[in-house]
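# Commentary on secondary and tertiary structure
Now for the letters of each chain:
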Amino acid sequence: MHRRSLGWLGVAAIALILSLFFGSGGRLTQPAPSSATVLTTQAPADEDSELTAAAPAFSGTYEDPQGSFQIGILDGATTTTAGSAPLFVTADSSLAYSVVTLPLESEAPLTDIALVELTRQTLDYGEGFQTQTFTSVPEGLQIAWTGRLSQSAGPPQPVSGSVLARQQGAAVYLLVVAALESATAQVPQVLVALADSLEFL
């Protein structure tokens, strides 16, 4: 029997992340935008609307074994790994997040469009992952996405979230947040809190 702490969202996140490590095969080059990719920018959200709920609390800090970054662990979240990436799943299995490190061939800065395309190529190996809008923020590039979870019984369930893509030298870090419909409203605040806790070492 699977541990409840992983839940179906954790399994979906693991599937996405494992598909990256088994599907991308090493270093990534700067991608060319796909003609099938539809990208739209989005104005920054009203800060007042993001302050209506209590700020997420952290129970500790996770440090990458390779010593490249550290990030906060949401209160009550379970920490596991998927491939070489950490996976954090909340106690009720309604929200999960991870930090995926993508090595590049050079330190040449990527454009916003290239970051969006890299994110799409990285996570588009399953579960109907589709990028929606992107917004430049001080921490990097925030990309909204939607997807679905295929289940053995019943129709696929919708999954959505945000990715914070940030280039640091010859690597891009993707902070991926995924949520059930019941937790979708938490994603903006959770992403902001996680981004604030993310430090590069």
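Source: prediction; values computed, not measured.

It is worth spelling out the sheet that holds strand 11 (residues 199-200) at this point. A sheet is described by the order of its strands in space; here 3 strands give the open sequence 2-3-11, paired in antiparallel fashion. On the outer flanks of this sheet lie strand 2 (58-63) and strand 11, each paired with one strand and no other. Of the pairings in the sheet, the one linking strand 2 to strand 3 (residues 69-74) comprises 5 bridges and is antiparallel in character. The partner of Gly60 across the bridge, within strand 3, is Ile73. Its contacts with the sheet place helix 3 (residues 187-197) against strand 2, strand 3 and strand 11, and it is angled at close to 140 degrees to strand 3.

Remark: the centre distance and the inter-plane angle together describe each pair of aromatic rings, the angle taken between the planes. Within the structure shown, the criterion is met by 5 aromatic pairs. Look at Tyr62 and Phe69: their rings are 6.4 Å apart centre to centre, the planes differ by 40 degrees, and that puts the pair in the tilted class. A residue is classified by how much of its surface remains accessible, and Tyr62, at 13% relative accessible area, is buried. The interplanar angle of 20 degrees and the centroid separation of 4.5 Å between the aromatic rings of Phe88 and Tyr97 together place this pair among those described as stacked. Residue classification places Phe88 among the buried residues on the basis of a relative accessible area of 0%. What makes Tyr97 buried here is its relative accessible area of 1%. Ring-pair connections join several aromatic residues into one group, and the members of that group are Tyr62, Phe69, Phe88, Tyr97, Tyr173 and Phe200.

Right, let's talk about the nonpolar core for a bit. Ile71, Tyr97, Leu175, Val177 and Leu194 are the most contacted members of the largest nonpolar core, which has 23 residues in total. Listed by contribution, the elements that provide at least two residues to this core are strand 3, strand 6 (95-103), strand 10 (171-179) and helix 3. Filtering out sequence-adjacent residues up to four positions away, Tyr97 remains in contact with Ile71, Gly72, Ile73, Leu74, Pro86, Leu87, Phe88, Leu175, Val176, Val177 and Leu194. With 21 residues, the next largest nonpolar core counts Val159, Val163, Val172 and Val176 among its residues.

Relative to the assigned elements, Thr90 resides in the loop between strand 5 (85-89) and strand 6. The class of Thr90 is buried, set by a relative accessible area of 15%. When the C-alpha atoms of Thr90 and Thr78 are compared, they prove to be 6.3 Å apart, with 12 residues separating the residues in sequence. A distance of 2.9 Å separates a polar atom in the side chain of Thr90 from a polar atom in the side chain of Asp92. From its side chain, Thr90 meets the backbone nitrogen of Ser94 in a polar contact 3.5 Å long.

Mean pLDDT over the protein stands at 75; residues scoring 70 or higher make up 68%. Counted against residues more than four places away or in other chains, residues 1-8, with its pLDDT under 50, gives 18 contacts. Every residue in residues 18-51 is under pLDDT 50, and counting partners more than four places away or in other chains gives 59 contacts.

With that settled, consider the environment of Ile113. Structurally, Ile113 can be placed in helix 2 (residues 112-123). Taking C-alpha positions, Ile113 is 9.1 Å from Phe134, a pair spaced 21 residues apart along the chain.

Rules behind the numbers
- Residues numbered from 1 in each chain as written.
- Predicted model: local features only at pLDDT ≥ 70, side-chain atom pairs only at ≥ 80, totals over all residues.
- Heavy atoms only, no water.
- Pairing = 2+ DSSP bridges.
- Helix = DSSP H or I, 4+ residues; strand = E, 2+ residues; numbered from the N terminus.
- Contact = heavy atoms within 4.5 Å.
- Axes fitted to C-alpha atoms, helices over the stretch in contact; angles between N-to-C directions.
- Phe/Tyr/Trp six-rings, centres within 6.5 Å; stacked < 30°, edge-to-face > 60°.
- Buried < 20%, exposed > 50% of the residue type's maximum accessible area, 1.4 Å probe, protein only.
- Core = buried A, V, L, I, M, F, W, Y, C linked by side-chain atoms within 4.5 Å.
- Polar contact = N/O pair within 3.5 Å; in protein donor to acceptor, adjacent residues only side chain to side chain.
- pLDDT = per-residue confidence, 0-100.

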